[in-house]
Amino acid sequence: MALHVTSDGAKVGREGRMLVVRPREGDPQKVPIAEVESVVIHGLAQLSTQALRLCADRDVQVTWMTKSGGLVAATAPPAPSGQRHLRQFEALREEGFRLSLARRLVIAKLSAQIRFVLRASRGNDRRRDVQTSLEGLRLALRQADGADDLSSLRGHEGAGAAAYFRALPSLTVKELDERLKPSSRSRQPARDRFSALLNYGYGTLYREVLSAILAVGLHPSIGFFHALRSSAHPLALDVMELFRVPMVDLPLLAALNRRTFDASADFDDIEGRVSLSDTGRAKLIELLERRRHETWRHDVVGYSLSYGRIVELEVRLLEKEWSDEAGLFAKLRIR
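For the structure given in this document, a descriptive report is provided here.

Cut-off values and rules
- Residues numbered from 1 in each chain as written.
- Predicted model: local features only at pLDDT ≥ 70, side-chain atom pairs only at ≥ 80, totals over all residues.
- Heavy atoms only, no water.
- Helix = DSSP H or I, 4+ residues; strand = E, 2+ residues; numbered from the N terminus.
- Rg over C-alpha atoms; globule rule 2.2 N^0.38 Å.
- Buried < 20%, exposed > 50% of the residue type's maximum accessible area, 1.4 Å probe, protein only.
- Areas by Shrake-Rupley, 256 points an atom, 1.4 Å probe, with all protein chains shown as cover.
- Lys, Arg positive; Asp, Glu negative; His and termini not counted.
- Charge placed at Lys NZ, Arg CZ, Asp CG, Glu CD.
- Axes fitted to C-alpha atoms, helices over the stretch in contact; angles between N-to-C directions.
- Parallel < 35°, antiparallel > 145°, perpendicular 65-115°, else oblique.
- Left-handed = near helix turned anticlockwise from the far one by under 90°.
- Contact = heavy atoms within 4.5 Å.
- Nonpolar A, V, L, I, M, F, W, Y, C, P; charged D, E, K, R; others polar.
- Pairing = 2+ DSSP bridges.
- Core = buried A, V, L, I, M, F, W, Y, C linked by side-chain atoms within 4.5 Å.
- Polar contact = N/O pair within 3.5 Å; in protein donor to acceptor, adjacent residues only side chain to side chain.
- Expected span 1.5 Å × (residues − 1).
- Arc of directions from axis to C-beta.

**Brief notes about the overall build of the chain**
When helices and strands are tallied, the chain shows 10 helices and 12 strands. Over its C-alpha atoms the chain spans a radius of gyration of 20 Å, differing by no more than 12% from the 20 Å that the globule rule assigns to 335 residues. Considering only C-alpha atoms, the chain reaches an extent of 55 × 55 × 40 Å along its principal axes. When each of the 335 residues of the chain is scored for burial, the buried share is 50%. When the accessible surface of the chain is split by element, carbon and sulfur atoms take 48% of a total near 15,900 Å². Charged side chains of the chain number 51 positive and 42 negative; the gap between the two group centres comes to 1 Å.

**Brief notes about the packing of helix α3 (residues 95-120) against helix α8 (residues 244-257)**
Contact pair α3 / α8: the axes reach a minimum separation of 10 Å and the direction vectors enclose 20°. One way to sum up the angle between α3 and α8 is to call them roughly parallel. Judged by the twist between their axes, the crossing of α3 over α8 is right-handed. Contacts from Lys109, Ala112, Gln113, Phe116 and Arg119 in α3 reach Arg244, Val245, Asp249, Leu250 and Leu253 in α8. Of the residues in the contact of α3 with α8, the class split is five nonpolar, one polar and four charged.

**Some remarks on the sheet that holds strand β8 (residues 71-74)**
Two strands in a sheet stick together by hydrogen bonds in their backbones, pointing the same way (parallel) or opposite ways (antiparallel). Spatially, four strands are ordered β1-β5-β7-β8 in an open sheet, and the strand pairing comes out mixed. Looking at the sheet topology across the chains shown, the edges are occupied by β1 (2-5) and β8. Between one strand axis and the next, the sheet turns by 20° as a mean value, whatever way the strands run. This element, helix α6 (residues 193-216), spans β1, β5 (38-42), β7 (61-65) and β8 of the sheet and lies at about 150° to β7.

**Quick word on the nonpolar core**
Counting residues in hydrophobic clusters, the biggest one holds 85 residues, and the most contacted among them are Phe116, Leu153, Phe224, Phe243, Phe261 and Leu284. Top element by residues in this core is α6. It accounts for 13 residues. Discounting chain neighbours no more than four positions away, the residues touching Phe224 are Leu92, Arg98, Leu101, Ala102, Leu105, Leu150, Leu235, Asp238, Leu318 and Phe329. Core analysis: the next-biggest nonpolar cluster, separate from the first, contains 18 residues, Leu3, Val12, Val31 and Val62 among them.

**Points about the sheet that holds strand β2 (residues 11-15)**
The four strands are arranged β4-β3-β2-β6 in an open sheet whose pairing can be described as mixed. Edge positions in the sheet fall to β4 (29-32) and β6 (46-47), since each has one partner strand and no second. Where strand β3 (residues 18-22) and β4 come together, four bridges link them in antiparallel fashion. Among the inter-strand pairings, Met18 is bridged to a residue of β4, identified as Pro32. Strand contacts of helix α1 (residues 49-57): β2, β3 and β6, with the helix running at about 65° to β2, the strand carrying the most contacts.

**A look at the side chain of Asp192**
Mapping Asp192 onto the fold places it in the loop between α5 (150-167) and α6. In this structure the side chain of Asp192 is engaged in a polar contact, spanning 2.8 Å, whose partner is the backbone nitrogen of Ser195. Excluding its chain neighbours within four sequence positions, the residues that come into contact with Asp192 are Ser183, Ser184, Ser186 and Val274.

**Describing α5**
With 18 residues, α5 should reach 26 Å at 1.5 Å per residue; the first-to-last C-alpha distance of 26 Å fits that figure. Residues Leu150, Leu153, His156, Glu157, Gly160, Ala161, Ala163, Tyr164 and Ala167 constitute the buried set of α5. In an axial view of α5, the angular spread of the buried residues amounts to 165°, which keeps them on one side of the axis. The exposed residues of α5 that point more than 90 degrees off its buried face are Ser151 and Arg166. Buried-residue contacts for α5 involve α3, α4 (128-145) and α8. The N-cap of α5, judged by a side-chain oxygen 3.1 Å from the amide nitrogen of Ser151 a few residues on, is Asp149.

Interpretation note: all reported values are geometric properties and have no functional meaning in isolation.
Below, the structure is given as structure tokens:
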């Protein structure tokens, strides 16, 4: 399990082989370290040196995140093999190899978006805007398959993403509060409630992917699709593209349609900047953790794994592209 500490002022300490979470109000909670996969500190909670040492001794990663879902810092596992990094760097220096991986990645992402839109609109007469979005996604998919450089591939991926987000409002139920419906896509800061939910979900997914990359022993700053940037690791952003739909978009749209979120109580709206309240953040974390532990049959290994394990599996399959067995990365498909 991932131990999420969301209350400002909460303190995480240690008693023997237990992590003890002491909120400002209420009773402390004791969690055996053997049951903890990772510790995520949201906002202004504190972690003692003794608790941090216990996590380090048991290879439990600790991550600090902002209230809006941004990654602040994370502990790293023991130093990986330098030879592993050198093999990664050497392989990803070759432009044709990077393009091949990136094309496969974009095709997988666009295919997932198409399947999700088809699945979410099944059983109803598809509105014209949904049909138009599907046409745009299919065009982007065809163009991505024939892209002969990274710049044009990024353009096709961006066009597909725009078509995809145009379809999302039509995938929500009529009874949903208008304030919760997808209307635009704003990142930091979020300008609407849907963007606040999506940003936090993607921030959590970024943490998950980065943890898997570090656990496998790859270097997160050397990727093949996203350009180098100072605010995020390109390889983590690359691998994330495989999981945005199945691990964030799909469960989030389903939760909105079940009216899980309250447009007033679960959000703070201050001068056009929207963020999750404590109750909204707790609901979203619970939703994403449930999804992380759901299982799916992976096409490569032929058996079911939790989505959390599939993230690490995809990173290991990526490494095989320049090691001993190519062609297995990015074959994950939702149906």
